[in-house]
Structures are given as structure tokens and as C-alpha cells.
Amino acid sequence: MSAVPDLPMMHLLLRQGRLPAALSLGLLLVALLLLGIEPGLAMFAAGLLLLSLVAGVLQAYYAVRVQLDASLLRLLQQEGLQGEDAAQRVDQALHTAGLRRLDAQVPTRGWDTRWTGMRRLLMRQYAAALLQFAALLLAVLWPQT
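Let me begin by describing the structure that accompanies this report. (Residues numbered from 1 in each chain as written. Predicted model: local features only at pLDDT ≥ 70, side-chain atom pairs only at ≥ 80, totals over all residues. Heavy atoms only, no water.)

## Looking at the packing of helix α2 (residues 18–37) against helix α3 (residues 43–79)
Packed helix pairs are characterised by how far apart their axes lie and by the angle those axes make with each other. Cut-off, in case you're wondering: Here, axes are lines fitted to C-alpha atoms. For helices the fit covers the stretch in contact, and angles between N-to-C directions go from 0 to 180 degrees. For the purposes of this entry, the term helix denotes a DSSP run of H or I that reaches at least four residues, the term strand denotes a run of E that reaches at least two, and both are numbered from the N terminus. We call two directions roughly parallel when the angle between them is under 35 degrees, roughly antiparallel when it is over 145, roughly perpendicular when it lies between 65 and 115, and oblique otherwise. Crossings are classed by handedness, with left-handed meaning an anticlockwise turn of the near helix from the far one by less than a right angle and right-handed meaning a clockwise turn. Contacts are assigned to residue pairs that have any heavy atoms within 4.5 Å of one another. As a working rule, the residues Ala, Val, Leu, Ile, Met, Phe, Trp, Tyr, Cys and Pro are called nonpolar, Asp, Glu, Lys and Arg charged, and the rest polar, with Gly in that last group.
At a minimum axis separation of 9 Å, α2 and α3 run at an interaxial angle of 150°. In terms of orientation, α2 lies roughly antiparallel with respect to α3. Considering only the axes of α2 and α3, their crossing is left-handed. Here Arg-18, Pro-20, Ala-21, Ser-24, Leu-28, Ala-31, Leu-32, Leu-34 and Leu-35 of α2 lie close against α3, whose contacting residues are Ala-46, Leu-49, Leu-50, Ser-52, Leu-53, Gly-56, Gln-59, Ala-63 and Gln-67. Split by residue class, the contact of α2 with α3 holds 12 nonpolar, 5 polar and 1 charged.

As C-alpha cells, this is what we get:
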């Protein structure tokens, strides 16, 4: 990645986390309904539904983190900041929100490191949504004996 980040492109990519977040909420409700209304679930199917619920909660956590990053990038765009000024503004915003400590001895992280972290969060969000879907599908298709 270049020294000057392409903040609008980064923001647009992170906004793609909204789709798995919405789908995951629906899958979470289906899993809760199946656990609540199906008394004769096989033990393995019930375990898969619980796995689906855990993956849904994990996906929601990652969705919040991805949305926070996308919102911070939008803030930088609105303020017209780039490069080192933008990185310092992100750190200041996180410090103000109580999410990060500012330490004068620690240098400001570069955009390569930040962008890698943002992409990792987005990929983990998608992976959690995929796990949630797969577990729910297997639970539904599992023979109920």
C-alpha cells in the first residue's frame, strides 16, 4: 500500500461488512427459534445450533469493530485529513472514546498496519458469518432421530 492511504476506497471496502451483519441477524433469529420451538432436536443438531448462535454473536462483535473503522474513515474524509495527520486524528478519537491509550513514547502506527488490521477484522466477520450459516444449515439438515 502506498504511503498516502486511499481513505475513500478503504471506507467503501469496510462498508461491505453491512451485508453479513444483516444476514447474520436473520440467521441468529432462525437459530433461536429452532432451539425454542423444536423439542425433539438431536443432541448434535442442538450443538450445531448453539455453535451457530456463538458464531452469530462473534460476527456481531466483528461487525461493530468494522463499522467503527468505517465511521472513523468517514470522519477523516469529512475533515479532509490525510497521512500522518489522519493517523493521529484516529488515535485521538479512539483515546477520547476510551478505546486506546495515548503514549508519547509509542510512535503512531502507519497506515499499512492499520489497513492490515481493518482487512483482518472484515475477513473475520465474513468467516464468522459463514460458520454461522454452515452450522445452521447442518443443524437443519441433520436427521432428527
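## With respect to the packing of α3 against helix α4 (residues 83–96)
Direction vectors running N to C along α3 and α4 enclose 125°, while the axes themselves pass 10 Å from each other. Of the possible angle classes, the one that applies to α3 and α4 is oblique. α4 is crossed by α3, and the crossing has right-handed handedness. Within the contact between the two elements, α3 uses Leu-68, Leu-72, Leu-75, Leu-76 and Glu-79 and α4 uses Ala-86, Arg-89, Val-90, Ala-93 and Leu-94. Tallied by class, the residues present in the contact of α3 with α4 amount to 8 nonpolar, no polar and 2 charged.

## Things to note about α2
Counting along an α-helix, one turn takes 3.6 residues, and residues three or four places apart therefore face a common direction. What counts here: To estimate the expected span of a helix, subtract one from its residue number and multiply by 1.5 Å. Only protein chains enter the accessibility calculation, which uses a 1.4 Å probe; a residue whose area is less than 20% of its type maximum is buried, one above 50% is exposed, and one in between is partly exposed. This arc describes the spread of directions from the helix axis toward the C-beta atoms.
The end-to-end C-alpha distance of α2 is 29 Å, a good match for the 28 Å that 20 residues give at a rise of 1.5 Å each. Turning to α2, its buried residues number three or more, namely Pro-20, Ser-24, Leu-27 and Ala-31. One face of α2 carries all of its buried residues, which in axial projection span an arc of 65°. Pointing more than 90 degrees away from the buried face of α2 are the exposed residues Ala-22, Leu-25, Leu-33, Gly-36 and Ile-37. Looking at the buried side of α2, the elements it contacts are α3 and α5 (111–141).

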